[in-house]
Amino acid sequence: MIAMKFHIFRKQSIQNYLGKDIKFSKTMNALDLISLGVGAVIGTGIFILPGTVAATSAGPGVSLSFMVAAIVCALAGMCYAEFASAIPVAGSAYSYGNIVYGEFTGWIIGWALILEYMLSVATVAAGWSSYFSSFISPFGLKIPKAISGPMNLSHGVYFDLVSVLIILVISILLSRGMKNSIKINVVAVFIKIAIILIFIFVGVQFIKPSNYHPFLPYHFPGVIKGATTVFFAFLGFDVVSSSAAEVKNPKKNMPLGIIGTLAIAALLYFGVSIVLTGMVNYTKLDVSNPVAFALQYVHQDWVAELLSFGAMLGMATMMLTMIYSSSRLIYAMARDGLLPTTFSKLDSKHKSPQNSLVAVTIIIALGAAFFSVDQLANLVNFGTLFAFTLVSFGILKLRKRTDIVNDGFKVPGYPYLPVISGLICIFMICHLSSEVYLMAIIWLILGTIIYFLYGYHHSQLEHD
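Criteria and thresholds
Residues numbered from 1 in each chain as written. Predicted model: local features only at pLDDT ≥ 70, side-chain atom pairs only at ≥ 80, totals over all residues. Heavy atoms only, no water. Helix = DSSP H or I, 4+ residues; strand = E, 2+ residues; numbered from the N terminus. Rg over C-alpha atoms; globule rule 2.2 N^0.38 Å. Buried < 20%, exposed > 50% of the residue type's maximum accessible area, 1.4 Å probe, protein only. Contact = heavy atoms within 4.5 Å. Areas by Shrake-Rupley, 256 points an atom, 1.4 Å probe, with all protein chains shown as cover. Salt bridge = Lys/Arg side-chain N within 4 Å of Asp/Glu carboxyl O. Core = buried A, V, L, I, M, F, W, Y, C linked by side-chain atoms within 4.5 Å. Axes fitted to C-alpha atoms, helices over the stretch in contact; angles between N-to-C directions. Parallel < 35°, antiparallel > 145°, perpendicular 65-115°, else oblique. Left-handed = near helix turned anticlockwise from the far one by under 90°. Nonpolar A, V, L, I, M, F, W, Y, C, P; charged D, E, K, R; others polar. Patch = residues over 30% accessible without salt bridge, like charges linked within 9 Å, V, L, I, M, F, W, Y side chains within 5 Å. Phe/Tyr/Trp six-rings, centres within 6.5 Å; stacked < 30°, edge-to-face > 60°. Lys NZ or Arg CZ within 6 Å of the ring centre and 35° of its normal. Expected span 1.5 Å × (residues − 1). Polar contact = N/O pair within 3.5 Å; in protein donor to acceptor, adjacent residues only side chain to side chain. Lys, Arg positive; Asp, Glu negative; His and termini not counted. Disulfide = S-S within 2.5 Å.

### A word on the overall build of the protein chain
- Looking only at helices and strands, one finds 18 helices and 0 strands in the protein chain.
- Taken against the 2.2 N^0.38 rule, which gives 23 Å for 464 residues, the C-alpha radius of gyration of the protein chain at 22 Å falls within 12% of a compact globule.
- Principal axes of the C-alpha set define a box for the protein chain whose edges measure 70 × 50 × 40 Å.
- A burial count over the protein chain gives 58% of its 464 residues as buried.
- When contacts within the protein chain are restricted to residue pairs at least 6 apart in sequence, those whose partners lie at least 24 apart make up 83%.
- Of the roughly 18800 Å² that the protein chain leaves accessible, carbon and sulfur atoms contribute 71%.

What follows is the structure, given as structure tokens:
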């Protein structure tokens, strides 16, 4: 038993990772990373959460809720930035865990992230399909009922064709290499931000100061309650660290990408929430699409239509980022032998893991086509917070490693800020539902079984 404990916590060396990941084409700069991060973070949530949280939890003080959540995410973001600077390899938190905690802990982190990334894309693809159906209806077009949603035989629905097609289109784009994918993503993110800024510019002209009174109708506890909800609007910045092996000068650009993503996201969320609650009294914003509602309320229907396009674009960039990150995560786990090594092979032309991309695409497409993932959506939050917790506390172990030299970004206020970050993440996990705990435990048990039946025996470290 003692020998087994020793072996499952055996650690990978950074030199081994760097030697394997050198095959990737290094094409991304800080701007590319920020567009990747903003593409993941700013989705449909920016058009929904500011209104619903204002109505139910924080009132006009929802802008303060976003500030609090941004500060909390910034703590975890700085921990990710230090790891990305010190260990610029593919695999994000999975690889970090393998190096500082050991193989089994790294595997569990990776297994939780698989849940986060793939479930996120399946969820968003279903949402994109709904928006697309609404978008084409004014033109007299309609998706046949049989292929219009997840399987529901009693209603004559078999699968969601549109969600499958958008996943396939994005995956084909990614298969052409990250250089071209990033160019398209940068353009899409700029258009998305422009649409959000148009809303802010138009909306600010209809602000009524009386709508800000009372500013804190639910008092400061309402702001904190709102922060625990909108915290999840920032999740996704961690996918930036998945791209470390494909970044030029990662020690400089990775921290800029992670922290820049959070800064831009925070400003956009703050701006939308301030303008929205100034346009319409917060008590009227508990609707499915509060931003569009506010624009229609002040008779700016053309901007509301524009927002629908912005929402679709936002979901598309989020799916691109998450599919990309999923394929790099599968690559990293196969690189270490914990998954079949065929998934670690890089395409000779584009220098990207095509086999892992194909596997990820098939799994996500099947999930989006046949299953309603609404009940599983909170599992995304568990997978993310679980990784955040171990990355935050992992800084303490990273700083003790004399074999890892980091002359780039370091978390200020060490050791206090990493510990505070980890404790806050645990606090957030404690606010998830018991249903989520049950499903998360089942998922982690399944991952543990796979590790001991396959990963442990095929691990590269087992044969070194």
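After presenting the structure, the write-up continues.
### Regarding the pattern of salt bridges
- According to the stated counting rule, one finds 6 salt bridges in the structure shown.
- One salt bridge connects Arg401 with Asp403, and the closest N-O pair in it is separated by 2.9 Å.
- The partly exposed category is assigned to Asp403, whose relative accessible area is 39%.

### Quick look at the nonpolar core
- Residues Ile87, Phe199 and Phe234 are the most contacted members of the largest nonpolar core, which totals 159 residues.
- Sorting elements by how many residues they give to this core places helix H13 (residues 301-335) first, with 19 residues.
- Discounting residues that sit within four places of it in the chain, Ile87 has contacts with Ile14, Tyr96, Ile99, Leu398 and Ile404.

### Here we look at the packing of helix H7 (residues 103-136) against helix H17 (residues 434-458)
- Where H7 meets H17, the closest approach of the two axes is 10 Å, and the angle between their N-to-C directions is 130°. Considered as vectors, H7 and H17 are oriented oblique to each other. For the pair H7 and H17, the crossing hand works out as right-handed. Contact with H7, carried on its side by Glu103, Phe104, Trp107, Ile108, Trp111, Ala112, Ile114 and Leu115, involves Trp443, Leu444, Leu446, Gly447, Thr448, Ile450, Tyr451, Phe452 and Tyr456 of H17 and no other residues of that element.
- Residue composition of the contact of H7 with H17, grouped by class: 14 nonpolar, 2 polar and 1 charged.

### Focus: the environment of Gly422
- Within the secondary structure layout, Gly422 lies in helix H16 (residues 416-429).
- Put simply, Gly422 and Leu390 are 32 residues apart on the chain and 7.2 Å apart in space, counted from C-alpha to C-alpha.
- For Gly422, the residues in contact, after removing those within four places along its chain, are Thr389, Ser392 and Phe393.

### Describing unusual backbone geometry
- Here the amide bond leading from His213 into Pro214 is cis, since omega sits at -5°, within 30 degrees of zero.
- Summarising the element assignment, Pro214 is placed in the loop between helix H9 (178-203) and helix H10 (219-230).
- For the bond running from Tyr414 to Pro415, omega is 5°, close enough to zero to count as cis.
- Within the secondary structure, Pro415 is located in the loop between helix H15 (377-399) and H16.
- Here Asn249, not a glycine, exhibits a phi torsion of approximately 50°, which is positive.
- Positive phi, close to 60°, is recorded for His299, a residue that is not glycine.
- With respect to the helices and strands, the residue His299 is situated in the loop between helix H12 (290-297) and H13.
- Classification of His299 by relative accessible area gives exposed; the value is 67%.

### Quick notes on a nonpolar patch on the surface
- Taken together, the side chains of Ile441, Ile445, Ile449 and Leu453 define a hydrophobic patch exposed on the protein surface, amounting to about 410 Å² of accessible area.
- Its location among the elements puts Ile445 in helix H17.

### Some points on the packing of H12 against H13
- At a minimum axis distance of 7 Å, the contact between H12 and H13 shows a crossing angle of 160°. It follows that H12 is roughly antiparallel to H13 by the angle criterion. In this structure, H12 meets H13 at a crossing whose hand is left-handed. Here H12 contributes Val291, Ala292, Leu295 and Gln296 to the contact with H13, which in turn contributes Asp301, Val303, Ala304 and Leu307.

### Considerations on the packing of aromatic side chains
- Per the stated rule, a full pass over the model turns up 19 aromatic pairs.
- Each ring, one from Phe104 and one from Phe452, has its centre 5.8 Å from the other, and the planes form 35°; the classification is tilted. In this pair, Phe104 is assigned in helix H7 and Phe452 in helix H17, connecting sequence segments 348 residues apart.
- Among the aromatic side chains, those forming a connected cluster through ring pairs are Phe9, Phe104, Trp107, Trp111, Trp443, Tyr451, Phe452 and Tyr456.
- Above the face of the Tyr414 ring, Arg399 is positioned so that its terminal group lies 4.2 Å from the ring centre.

### Topic: helix H3 (residues 30-41)
- End to end, H3 covers 16 Å across 12 residues, agreeing with the expected 16 Å (1.5 Å per residue, within 8%).
- For H3, the buried fraction is high: 11 of the 12 residues fall into the buried class.
- Within the sequence span of H3, burial applies to Ala30, Asp32, Leu33, Ile34, Ser35, Leu36, Gly37, Val38, Gly39, Ala40 and Val41.
- Lining the buried residues of H3 we find H9, helix H11 (250-279) and H13.
- The distance from a side-chain oxygen at the start of H3 to the backbone nitrogen of Leu31 is 3.1 Å, and the residue carrying that oxygen is Asn29.

### As for the environment of His457
- Assignment of secondary structure puts His457 in helix H17.
- Accessibility expressed as a relative area gives 44% for His457, which makes it partly exposed.
- Leave out the neighbours within four places in its chain, and His457 touches Phe452, Glu462 and His463.

### Brief notes about the side chain of Asp160
- Position of Asp160 relative to the elements: it lies in the loop between H7 and helix H8 (161-175).
- In this structure, Asp160 is buried with no salt-bridge partner, the nearest side chain bearing the opposite charge being Lys142 at 14 Å.
- Side-chain polar atoms of Asp160 contact the side chain of Ser129, separated by 2.9 Å.
- Apart from residues lying up to four places away in sequence, Asp160 is in contact with Ala126, Ser129, Ile147, Ser148, Gly149, Pro150, Ala368 and Ala369.

### Here's the deal with the state of the cysteines
- Applying the stated criterion across every chain, the model contains 0 disulfides.
- Among the cysteines around Cys79, which has no disulfide bond, Cys425 carries the closest sulfur, lying 8.3 Å off.
- When its relative accessible area of 0% is taken as the criterion, Cys79 is described as buried.
- This cysteine, Cys430, is not joined by any disulfide, and Cys425 carries the nearest cysteine sulfur, 11 Å off.
- Given a relative accessible area of 55%, Cys430 falls into the exposed group.

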